[in-house]
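# A closer look at the structure
Single-letter residue listing:
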Amino acid sequence: MRYLLRDIFRHIYEFLESPVKRSLLFIGILILLALVEFLALGLARRTFVFYTINDGIIAVEDRMLKHSKSREGDIVRYTEETLLGPVSPDLLPLFPRGTKLKSLLFRDGIVYADFSSDAAMPPAEGGRTLDNFRTFYAGMKRNFSYVRDVRFFIDGVSVFTGDIP
């Protein structure tokens, strides 16, 4: 038994003497740790595309958000990220600062999103409210193929239904 352990340690020592083999071992350990984190901790993420209007030009931002167990959860996360605004300081937000998502419901392919009264006003940074809702509508339809329609409400009052004019 003693010779077996000494033989095992000798082989490990000889393996680790080579810088190439040592580097490959460390890379393998990192890959294994990343895989365990990905699978065990639920860090699978999904990329969403956000549209932001800047001087009439639509810009795109990709963000990685933690994937939810439900479609409604994914839509809520997307909406909340949109309300936070763009990461780039050169881009204009779609909604005024302080706008809150009061409720969101996804049923039969239709999203019902109710925003606080701040959503009725254009953002202080610029932009037009109707254009911003159009952009958000298009982003919602593009990111979620299972969404057939989006209906917007502000403080419980319907503002846009169906395709936004």
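Up top you'll find the structure we're talking about.
Attention here is on the structure that accompanies the text. Each chain has its residues counted from 1, running along the sequence as written. Thresholds applied to this predicted model are a pLDDT of at least 70 for local features of residues and 80 or more for the giving and counting of side-chain atom pairs; totals over whole chains, interfaces and linings are not thresholded and use all residues. Note: side-chain values were computed over all heavy atoms of the structure, leaving out hydrogens and water.

### Remarks on the overall build of the protein chain
Basically, it comes down to this: Helix and strand assignments come from DSSP, with helices taken as H or I runs of at least 4 residues and strands as E runs of at least 2, each series counted from the N terminus. A simple rule labels every residue: compare its accessible area, found with a 1.4 Å probe on the protein chains alone, to the largest value its type can have, and call it buried under 20%, exposed over 50%, or partly exposed in between. In this description, contact between two residues means that some pair of their heavy atoms is separated by no more than 4.5 Å. Throughout, the Shrake-Rupley method with a 1.4 Å probe supplies accessible areas, and for residues the shown protein chains are the sole cover considered.
Scanning the protein chain for helices and strands turns up four helices and six strands. The secondary structure elements of the protein chain, listed N-terminal to C-terminal, are α-α-β-β-α-β-β-α-β-β. The proportion of buried residues among the 165 residues of the protein chain is 35%. Once local pairs closer than 6 in sequence are excluded, the contacts in the protein chain between residues at least 24 apart make up 52%. Carbon and sulfur atoms make up 62% of the accessible area of the protein chain, which totals about 10,600 Å².

### Brief notes about the packing of aromatic side chains
This is how it is decided: Centres within 6.5 Å make a pair out of two Phe, Tyr or Trp rings, where for Trp the six-membered ring is used; the pair is then stacked when the planes are under 30 degrees apart, edge-to-face when over 60, and tilted otherwise.
With the rule as written, the count across this model stands at 12 aromatic pairs. Both rings, one in Phe-115 and one in Phe-136, keep their centres 6.2 Å apart while their planes meet at 75°; by these two values the pair is edge-to-face. In this pair, Phe-115 sits in strand S4 (residues 110–115) while Phe-136 sits in helix H4 (residues 129–143), placing the two residues 21 residues apart along the sequence. Both residues of the pair, Phe-115 and Phe-136, count as buried.

### Observations concerning helix H3 (residues 71–84)
For the record, the criterion: To estimate how far a helix should extend, the number of its residues minus one is multiplied by 1.5 Å.
With 14 residues, H3 extends 20 Å from end C-alpha to end C-alpha; this agrees with the ideal 20 Å at 1.5 Å per step. All of the buried residues along H3 are Gly-73, Asp-74, Ile-75, Tyr-78, Thr-79, Thr-82 and Leu-83. Phi for Gly-85, located one or two positions after H3, is positive at around 95°.

### Structural notes on the pattern of salt bridges
Threshold: Any Lys or Arg side-chain nitrogen found within 4 Å of a carboxyl oxygen on Asp or Glu counts as a salt bridge.
This structure, assessed with the given rule, holds six salt bridges. The residue Glu-72 makes a salt bridge to Arg-107 at a minimum N-O spacing of 3.1 Å. Taken together, the residues span a long stretch of sequence, with Glu-72 in helix H3 and Arg-107 in strand S3 (residues 101–107) at a distance of 35 residues. Where Asp-149 meets Arg-151, a salt bridge forms, and the shortest distance between an N and an O atom there is 3.3 Å. Of the residues examined, Asp-149 reaches a relative accessible area of 11% and is grouped as buried. Each of the salt bridges in this network shares a partner with another, and the network as a whole consists of Asp-7, Arg-10 and Glu-14.

### A word on the side chain of Asn-143
What counts here: Under the rule applied, a polar contact is a pair of N or O atoms within 3.5 Å (in protein, one hydrogen donor and one hydrogen acceptor; residues adjacent in sequence only if both atoms are side-chain atoms).
Here Asn-143 is to be found in helix H4. Polar side-chain contacts of Asn-143 include one of 3.3 Å to the side chain of Tyr-78. In terms of polar contacts, Asn-143 uses its side chain to reach the backbone carbonyl oxygen of Gly-139, at 2.9 Å.

By themselves these figures say nothing about function.
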